[in-house]
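Reading the structure
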Amino acid sequence: MPKTASLRPRPAAPPADPMVSLGGLLREWLPRQRWFAGKDRPVTDLGLLSTTEVFPGCLHLLVQTGHGPVPAPGGSPPAGDCYQLLLGVRERPSPRLGRALIGQAQEGPLTGLTVYDALQDPRSAQLLLERLRHPGTAGPLRFECDPLRPVPAGLVPRLLDAEQSNTSLVYGDEFILKLFRRIQPGVNPDLEVTSALARQGCSRVPTPVAWFRTTHPYGATLGVLQPFLHGASDGWTLALDALSAGDDFTAQARELGRATADVHLALASAFPAGTPGENGQTATGMAERLTSAAHCVPALRPFVPGLRSAFAALATCDAGPPAQRIHGDLHLGQVLRAGRDWFVIDFEGEPSRPLAERRSDHSPVRDIAGMLRSFDYAARQRRPWRPEWARRCREAYCAGYAARAGWDPRKKHGLLRAYETDRAVYEVLYEARHRPDWLPVPMAAIERLAVRGD
Ligand SMILES: Nc1ncnc2c1ncn2[C@@H]1O[C@H](COP(=O)(O)OP(=O)(O)O)[C@@H](O)[C@H]1O
Ligand SMILES: O=P(O)(O)O[C@H]1O[C@H](CO)[C@@H](O[C@H]2O[C@H](CO)[C@@H](O)[C@H](O)[C@H]2O)[C@H](O)[C@H]1O
């Protein structure tokens, strides 16, 4: 059992803001985390939105990075990014903390205490599951669960070692807990959508069994526990394996097209249709995103006129399939193959978009375009580049989709081109911020879409 420190105010010390202790440590630590989105901007400001002792020695924090004042209770959310952290605090440093170590507080109420990332500590991960197994509260935190799907006690945790926008813990290879790192007010679609799909009886999506949220300073989903698909492989790994072995991937791509259509059909039933999509308005939004992406990534600038023509053409396309709730960030890493079935995960949408936008209706073509781009990404991981492999996967995926959905994405060329272009622009921005070495992958697509238009 680690030696943890009680975080309740010590009798001799007046209660004080823990950020006095943590600010300096977090300013160093946050930008090094994979899930930290503000890597292109120095952390100039750190504010504490809420702090809760979830169990002795473990602090749950919502911290605000960037500029602007911390809002008053009940006030509207501030500008900038809000992150969820679970920090362990103990009196003595231990070499076993290893990568989890954040540092030793030099001032403020935690002076002298060792601070670490509690999610990397198995004991804290176990206690967190204990909290989730039963409904309850801790300060503003609300723990909820599905009484029909009980979670057993004592499952052994392990931190998932994946390239992630969030942080996930696997418990006994039976459940997986995703803790959202970047928090926005409102229900997270990864909980909202998966719960709604479960109610529809859609078997393509793991059903949430427990979750937790905060009520202060605003309502927001913080984490979701779902069944872990044991032995599953993600589509990205399978596609790269197929490419390395020189194997055909069209049968899997066709099945994936069917799975995408199943999920779209279930989403259309689960959520009442909103206002019909309007291509002109969508095209304007895409053009605006291009302008701001080109502002951030100079390499995009020479291609702007060519890319704009895809959006201009969208405005004159026929309406296409009606807008509905969609996945929002569909790619090969978001699909898992277990046995002979494809499952779809991670309904959060593109992490950098505002939550309201991610929860609104969009054309299902957006998801299709996301997956088509992913075949291109995979084909570009191997030298020589395998454009034929990607082309055959695209065909098969669209054919599978058409067989289930009743309309063929290949017959919506103008829509597909515009959505693929918009996705490639997003990817350029994503790679520039998170993985600059990968930038040439979406840039190759940008060049193709801007110059050749296909
Ligand atoms: N239900 C699940 N069963 C098995 N593995 C899962 C499950 N959900 C997620 N994973 C694994 O966790 C990884 C990250 O999950 P994801 O929801 O995409 O997180 P993020 O939003 O942080 O990228 C996935 O790529 C997959 O390998
Ligand atoms: O973290 P998320 O899975 O929510 O999605 C983000 O990260 C993805 C990369 O991990 C990124 O996907 C891009 O790279 C993939 C290969 O690693 C490729 O299959 C996708 O087609 C490509 O978009 C995704 O865009 C981003 O939102």
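Residues numbered from 1 in each chain as written. Chains lettered and ligands numbered in written order. Predicted model: local features only at pLDDT ≥ 70, side-chain atom pairs only at ≥ 80, totals over all residues. Heavy atoms only, no water.

1. Concerning the side chain of asparagine 188
The criterion, for reference: Under the DSSP-based scheme used, a helix requires at least four consecutive residues in state H or I and a strand at least two consecutive residues in state E, with every element numbered from the N terminus. Side-chain atoms alone can form a polar contact between residues adjacent in sequence; in general such a contact is a pair of N or O atoms within 3.5 Å, and within protein one must be able to donate a hydrogen while the other accepts it. Any pair of residues with heavy atoms lying within 4.5 Å of one another is described as a contacting pair.
By the secondary structure assignment, asparagine 188 is in the loop between strand 11 (182–183) and helix 3 (189–199). A distance of 2.8 Å separates the side chain of asparagine 188 from the backbone nitrogen of aspartate 190, its partner in a polar contact. Those residues within four positions of asparagine 188 in sequence are excluded, and the remaining contacts are Phe180, Thr221 and Glu348.

2. Details of the pattern of salt bridges
Worth spelling out the cut-off: Should a side-chain nitrogen of Lys or Arg be within 4 Å of a carboxyl oxygen of Asp or Glu, the pair is scored as a salt bridge. Per-residue accessibility, obtained with a 1.4 Å probe over protein chains only, is compared with the maximum for each type, and a residue is labelled buried under 20%, exposed over 50%, and partly exposed between these values.
Counted according to the given criterion, the structure contains 33 salt bridges. A salt bridge links lysine 178 to aspartate 190, with the shortest nitrogen-to-oxygen separation between them at 2.9 Å. A residue pair is termed long-range when its members are at least 10 positions apart, and lysine 178 in strand 10 (residues 175–179) and aspartate 190 in helix 3 qualify at 12 residues. Of the residues examined, lysine 178 reaches a relative accessible area of 12% and is grouped as buried. Taken together, the shared-partner salt bridges in this structure form one network comprising Arg289, Asp329, Glu350, Arg353, Glu357, Arg373, Asp376, Arg380, Asp422, Arg423 and Glu427.

3. Considering the site of ligand 1
As a reminder of what qualifies: By convention in these notes, a residue is near a molecule or strand provided one of its non-hydrogen atoms lies within 4 Å of it. The Shrake-Rupley method, run with a 1.4 Å probe sphere, supplies the accessible areas, and residue values consider only the shown protein chains as cover. Ten residues, namely Ala, Val, Leu, Ile, Met, Phe, Trp, Tyr, Cys and Pro, are considered nonpolar, four, namely Asp, Glu, Lys and Arg, are considered charged, and the remaining ones, Gly among them, are considered polar.
As a matter of local geometry, ligand 1 sits amid 16 residues, with Gln164, Asn166, Lys178, Leu229 and Asp346 nearest to it. Here ligand 1 has 550 Å² of accessible area as a free molecule, and 87% of this is covered by the chains. Grouping the amino acids of the shell around ligand 1 by side-chain chemistry returns 8 nonpolar, 5 polar and 3 charged.

4. Section: the confidence of the model for the chain
Here is the rule: The pLDDT value tells you how sure the predictor is about a given residue, anywhere from 0 up to 100.
Averaged over all residues, the pLDDT of the chain is 91; the fraction at 70 or higher stands at 93%. Note on residues 1–15: pLDDT is under 50 here. Beyond four places in sequence and across chains, it has 26 contacts. On the interface metric, ipTM, the complex scores 0.98, and its pTM is 0.91.

5. What about the state of the cysteines?
Keep this limit in mind: Any pair of cysteine sulfurs within 2.5 Å is marked as a disulfide.
Within the structure shown, the criterion is met by 0 disulfides. Just so you know, cysteine 58 is unpaired, no disulfide at all, and the nearest cysteine sulfur is the one on cysteine 82, 16 Å from it. When its relative accessible area of 1% is taken as the criterion, cysteine 58 is described as buried. Of the cysteine sulfurs around cysteine 398, a residue in no disulfide, the closest is that of cysteine 393, at 11 Å.

6. Some remarks on the sheet that holds strand 8 (residues 157–159)
What counts, and what does not: Any two strands with at least two DSSP-identified bridges between them are counted as paired. Inter-axis angles, ranging from 0 to 180 degrees, are taken between N-to-C directions of lines fitted to C-alpha atoms, where helices are fitted over the stretch in contact.
Read across the sheet, 7 strands follow the order 6-7-12-13-10-9-8 without closing on themselves; strand pairing throughout is antiparallel. Whereas interior strands pair on both sides, the edge strands pair on one side only; in this sheet they are strand 6 (136–138) and strand 8. Between one strand axis and the next, the sheet turns by 20° as a mean value, whatever way the strands run. Across the sheet, helix 3 is in contact with strand 10, strand 12 (210–214) and strand 13 (220–227); its angle to strand 13 comes to roughly 45°.

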